[in-house]
Amino acid sequence: MASTMKVKAEITSEKGFYVGDVCYQMTDEDYNADWSNDFEDFEGEHEIHGHKFAIGGTKYGDGEYEDQYGHRYGVDAGNIGILPYELCESKDEKEIAKFGRFVNANKATFTAEDGVIEIEFDDGQHIYINTDDYEEDEEDYYDEDEEY
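Residues numbered from 1 in each chain as written. Predicted model: local features only at pLDDT ≥ 70, side-chain atom pairs only at ≥ 80, totals over all residues. Heavy atoms only, no water.

### Regarding the pattern of salt bridges
Keep this limit in mind: Salt-bridge detection follows one rule: a side-chain nitrogen of Lys or Arg within 4 Å of a carboxyl oxygen of Asp or Glu. Each helix is a run of DSSP H or I of at least 4 residues and each strand a run of E of at least 2, with the numbering of both proceeding from the N terminus. Think of it in three bands: with a 1.4 Å probe and only protein chains considered, a residue is buried below 20% of the maximum accessible area for its type, exposed above 50%, and partly exposed in between.
Tallied over the entire structure, the rule returns 8 salt bridges. A salt bridge links Glu 10 to Lys 107, with the nearest nitrogen and oxygen atoms 3.9 Å apart. Here the residue Glu 10 occupies a position in strand S1 (residues 7-12), and Lys 107 occupies one in strand S9 (residues 107-113), the gap between them amounting to 97 residues. Between Arg 72 and Glu 64 there is a salt bridge, and its shortest N-O distance comes to 2.8 Å. The partly exposed category is assigned to Glu 64, whose relative accessible area is 41%.

### Structural notes on the pairing of strand S10 (residues 116-121)
Put simply, side chains in a regular strand alternate between the two faces of the sheet. What counts here: DSSP bridges decide pairing: two strands pair if at least two such bridges lie between them.
Of the two faces of S10, the one lined by Ile 117, Ile 119 and Phe 121 is fully buried and the one lined by Val 116, Glu 118 and Glu 120 carries no buried residue. One ladder, built from 6 bridges, connects S9 with S10; its direction is antiparallel. Looking at the pairing, Phe 110 lines up with Ile 119 of S10. Hairpin connection between S9 and S10: a loop of 2 residues separates the two successive antiparallel strands, and Asp 114 in this loop has a positive phi of roughly 50°. Pairing between S10 and strand S11 (residues 126-130): 5 bridges, direction antiparallel. What sits directly across from Glu 120, in S11, is His 126. Between S10 and S11, which follow one another and run antiparallel, lie 4 residues, and Gly 124 among them has a positive phi close to 95°.

Structure follows, in structure tokens:
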């Protein structure tokens, strides 16, 4: 879940970026590498294989969150981040976008604080995801006809 730490990072890529929970696009080897310090301080800017990436924690952990356009991001590891194409396990843009979003740009400014993620791209695109707006539907957990 999101800490009060502010994350700000400049990320570059020759091809584009994956935006979403990084667990879906990193190889197992990269995901379990030393960058995460046992996932205690995963939020922030990191570097693997000479490529920077950034991660911000979601306010409520796992779930599904929307950006300002209604695009949904599934979260299974409590984060939304940005990976350059070079660090993505899949090299198919449609496959990359299945669990998040693929943006064809060369530079991005990533900021995250208290569950709010904003990304500005050099081509003018902008993504805003406020994970604090997440509302759990009680029906997901309780059946109205069931007695407790």
